[in-house]
Amino acid sequence: MSNSAASPMAGGASMAARGCGRATSFVPELQSMMFALGDSRRPLHETAALVEDIVHTQLINMLHQAAEVSLLRGARLITAEDILFLMRKDKKKVRRLLKYMQFRDYKSKLLKMVDDEDPVDSDKYSSGTVNKRKKLFQDFLGSIDQTGEFLSVLEEDDVDEVKQERMERLEKQTRAMDATQYSDFCESRQLSFSKKASKFREWLDCSTLDVKPNAVSMEILSYLAYETVAQIVDLALLVKQDMTPKNGDPFSHAISASFMQYHNSAAECAAACGAETQSSAIQPAHIREAIRRYSHKIGPLSPFSVRNNRAVKELYL
C-alpha cells in the first residue's frame, strides 16, 4: 500500500514524529501498567515515556494502513474488519483478540442483566443478540478463509504460552509483596487504555482524521495498545535479566556498547545526585536493546510489517 502525502491519515501520521510534544500523555498510566506487568513498583518516567512513543508509533502506523484498507473497499469509517484484515497473518494474535472480544461481549451481557428490571427473561440474552463482537469477527474471518484454516485455529483451546509465562512471572512477583504493595498492584492491574476511552481517542488525535475509527475498532486498538506494552515489558525483562552480570559467567562482558554507555552515565548521575538506586526498574537502555533484538516480535503488525519495524528502529535506536 502506498504511503503518499495524500494519504487519508496525513493529518495523523506526522504525530509519531512529535514524540513528547503531544498534548495528551499516558505516561502516568503507563507507569502503573508497567508495574502490573512486571516492572518495579516505581517504573522510571523516562522509560514509560519511551514506551509511550513506541506504542503510539505502532498504533499510528496501524491506523494509517487500516484507513487505506477502508478506502479501498469504499467505506467511510475504519472498522474491525479493516484491522482484522491487517492482522490476518498472525493467527495467534487474532485468536487472543477474539478471546478478548468474547470477554467484552460477556461483560456487556452481565451489565445488561444487572441493569434489567426483569432478568428472568433469558431470551433477551441469547448468544445471537449478545455476542455481537464474536459474531462480527467470525463472519468476517469466514469470508476471507478459503481453506478453513482461520476458523479451525480460532476453535483451538490450547494454552497461550506467552500469557501463561507472564502470569507465572507476576505470581512470583506478588509473593514478596506486603498488603500495601499488593493493593497497589491490584489497582494497577485494573488500568487499561479502554478505561480511558476519550483520552485514548485524543491521544491518537482521531478528531483530525479524514477516515475515523468506529467504536469497535477503538476497542480493538485499545486492546492492541495494552498488548504492545505487555510485549515490550516482557522482552525488556528478558534483556534486563540477560544483561545482569553473573559471577563466573565468561560471557558477562559481551553486552551492547549502547547499554554500557547509558548504564555508566546513569550510575554516575545517580551517585552525583545522591539519588536512591533504581537498579530494579527497567531502564530505557533495556527497551532500546529489546527493540534491537526483537523488533520483529513487537507490535500488532510485527510478523510481516517491515515498514513498521524500520520506523520504530529509526526513531528509537
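Residues numbered from 1 in each chain as written. Predicted model: local features only at pLDDT ≥ 70, side-chain atom pairs only at ≥ 80, totals over all residues. Heavy atoms only, no water.

K.L.:
Is there a simple way to explain the packing of helix 2 (residues 27-36) against helix 10 (residues 179-189) in this structure?
P.N.:
In a pair of packed helices, the angle between the axes and the distance between the axes together describe the arrangement. Following both chains from N to C, one finds helix 2 and helix 10 inclined at 115°, their axes separated by 8 Å at the closest point. Regarding the angle of helix 2 to helix 10, the classification is roughly perpendicular. Crossing of helix 2 against helix 10: the hand is left-handed. Residues Ser32, Phe35 and Ala36 of helix 2 form the contact with helix 10, whose own contacting residues are Gln181, Asp184, Phe185, Ser188 and Arg189. Within the contact of helix 2 with helix 10, the residues separate by chemical class into 3 nonpolar, 3 polar and 2 charged. (Axes fitted to C-alpha atoms, helices over the stretch in contact; angles between N-to-C directions. Helix = DSSP H or I, 4+ residues; strand = E, 2+ residues; numbered from the N terminus. Parallel < 35°, antiparallel > 145°, perpendicular 65-115°, else oblique. Left-handed = near helix turned anticlockwise from the far one by under 90°. Contact = heavy atoms within 4.5 Å. Nonpolar A, V, L, I, M, F, W, Y, C, P; charged D, E, K, R; others polar.)

K.L.:
Teacher, can you tell me more about the environment of Cys206 here?
P.N.:
Mapped onto the secondary structure, Cys206 falls in the loop between helix 11 (197-203) and strand 2 (212-213). Note: C-alpha distance between Cys206 and Leu63 (143 residues apart in sequence) is 9.6 Å. In this structure Cys206 touches Arg201, Lys212, Pro213 and Met218, once residues within four positions along its chain are discounted.

K.L.:
Can you walk me through unusual backbone geometry in this structure?
P.N.:
Phi is mostly negative for residues that are not glycine, and the peptide bonds are mostly trans. The phi torsion at Asp205 lies on the positive side, around 55°, for a residue other than glycine. As for its position among the elements, Asp205 is in the loop between helix 11 and strand 2. For Asp205, a relative accessible area of 18% corresponds to the buried category. (Buried < 20%, exposed > 50% of the residue type's maximum accessible area, 1.4 Å probe, protein only.)

K.L.:
Help me understand helix 2 in this model?
P.N.:
The periodicity of an α-helix, 3.6 residues per turn, causes residues three or four positions apart to be oriented the same way. Across the 10 residues of helix 2, 7 count as buried, placing the element largely inside the fold. Where helix 2 is concerned, the buried positions are Val27, Glu29, Leu30, Met33, Met34, Phe35 and Ala36. Here the buried face of helix 2 lies against helix 3 (45-72), helix 9 (161-175), helix 10, helix 11 and helix 12 (215-243). Following helix 2 by one or two positions, Gly38 adopts a phi angle in the positive range, close to 125°.

K.L.:
What's the story with a nonpolar patch on the surface in this structure? I'm lost.
P.N.:
A surface patch of nonpolar side chains, amounting to about 280 Å² of accessible area, comprises Tyr106, Leu110 and Met113. With respect to the helices and strands, Tyr106 occurs in helix 5 (residues 91-115). (Patch = residues over 30% accessible without salt bridge, like charges linked within 9 Å, V, L, I, M, F, W, Y side chains within 5 Å. Areas by Shrake-Rupley, 256 points an atom, 1.4 Å probe, with all protein chains shown as cover. Salt bridge = Lys/Arg side-chain N within 4 Å of Asp/Glu carboxyl O.)

K.L.:
Whenever I open this one, the packing of helix 4 (residues 80-87) against helix 7 (residues 132-144) confuses me. Can you help?
P.N.:
Two numbers describe how helix 4 lies on helix 7: the axes approach to 10 Å, and their chain directions differ by 55°. Between helix 4 and helix 7, the crossing angle belongs to the class labelled oblique. In the crossing of helix 4 with helix 7, the sense of the turn from one axis to the other is right-handed. On helix 7, the residues that touch Ala80, Glu81, Leu84 and Phe85 of helix 4 are Leu136, Phe137 and Phe140. Each residue belonging to the contact of helix 4 with helix 7 can be placed in one class, and the counts come to 6 nonpolar, no polar and 1 charged.

K.L.:
Can you help me understand the confidence of the model for the protein chain in this one?
P.N.:
Detail in the predicted coordinates should be disregarded across regions flagged by low pLDDT. Averaged over every residue, the pLDDT of the protein chain is 77; the share at 70 or more is 69%. No element of the protein chain has a lower mean pLDDT than helix 1 (residues 10-13), at 42, and none a higher one than helix 2, at 96. In this model residues 265-277 is a low-confidence stretch, pLDDT under 50, and it forms 1 contact with partners more than four residues away in sequence or in other chains. A low-confidence stretch, residues 303-316 (pLDDT under 50), is modelled with 32 contacts involving residues beyond four sequence positions or located in other chains. (pLDDT = per-residue confidence, 0-100.)

K.L.:
I would appreciate a short explanation of the nonpolar core in the present structure.
P.N.:
Across soluble globular proteins, you tend to see nonpolar side chains buried next to one another. In this structure, Phe193, Phe200 and Leu204 are the most contacted members of the largest nonpolar core, which totals 56 residues. Put simply, the parts of the chain that give this core at least two residues each are helix 2, helix 3, helix 4, helix 5, helix 7, helix 11, helix 12 and helix 14 (284-294). Judged by nonpolar contacts, the second largest core, of 5 residues, contains Val239, Met243, Ala290 and Tyr294. (Core = buried A, V, L, I, M, F, W, Y, C linked by side-chain atoms within 4.5 Å.)

K.L.:
Sorry, what's going on with the packing of aromatic side chains here?
P.N.:
Each aromatic ring pair is described using two quantities: the centre-to-centre distance and the angle formed by the ring planes. Summed over all chains, the structure comprises 9 aromatic pairs. Ring plane angle 55° and centroid distance 5.0 Å describe the contact between Phe26 and Phe193, whose orientation is recorded as tilted. Taken together, the positions of Phe26 in the loop between helix 1 and helix 2 and Phe193 in the loop between helix 10 and helix 11 put the pair 167 residues apart, joining distant regions of the chain. Across this residue pair, the class does not change: Phe26 and Phe193 are buried. Seen from their ring centres, Phe35 and Phe185 are 5.8 Å apart, and the 85° between their planes marks the pair as edge-to-face. With Phe35 in helix 2 and Phe185 in helix 10, this pair connects stretches of sequence that are 150 residues apart. Under the relative-accessibility criterion, Phe35 is labelled buried at 4%. Assessed through its relative accessible area of 6%, Phe185 is described here as buried. Every member of this aromatic cluster is reached through a ring pair, and the members are Phe26, Phe193, Phe200 and Trp203. (Phe/Tyr/Trp six-rings, centres within 6.5 Å; stacked < 30°, edge-to-face > 60°.)

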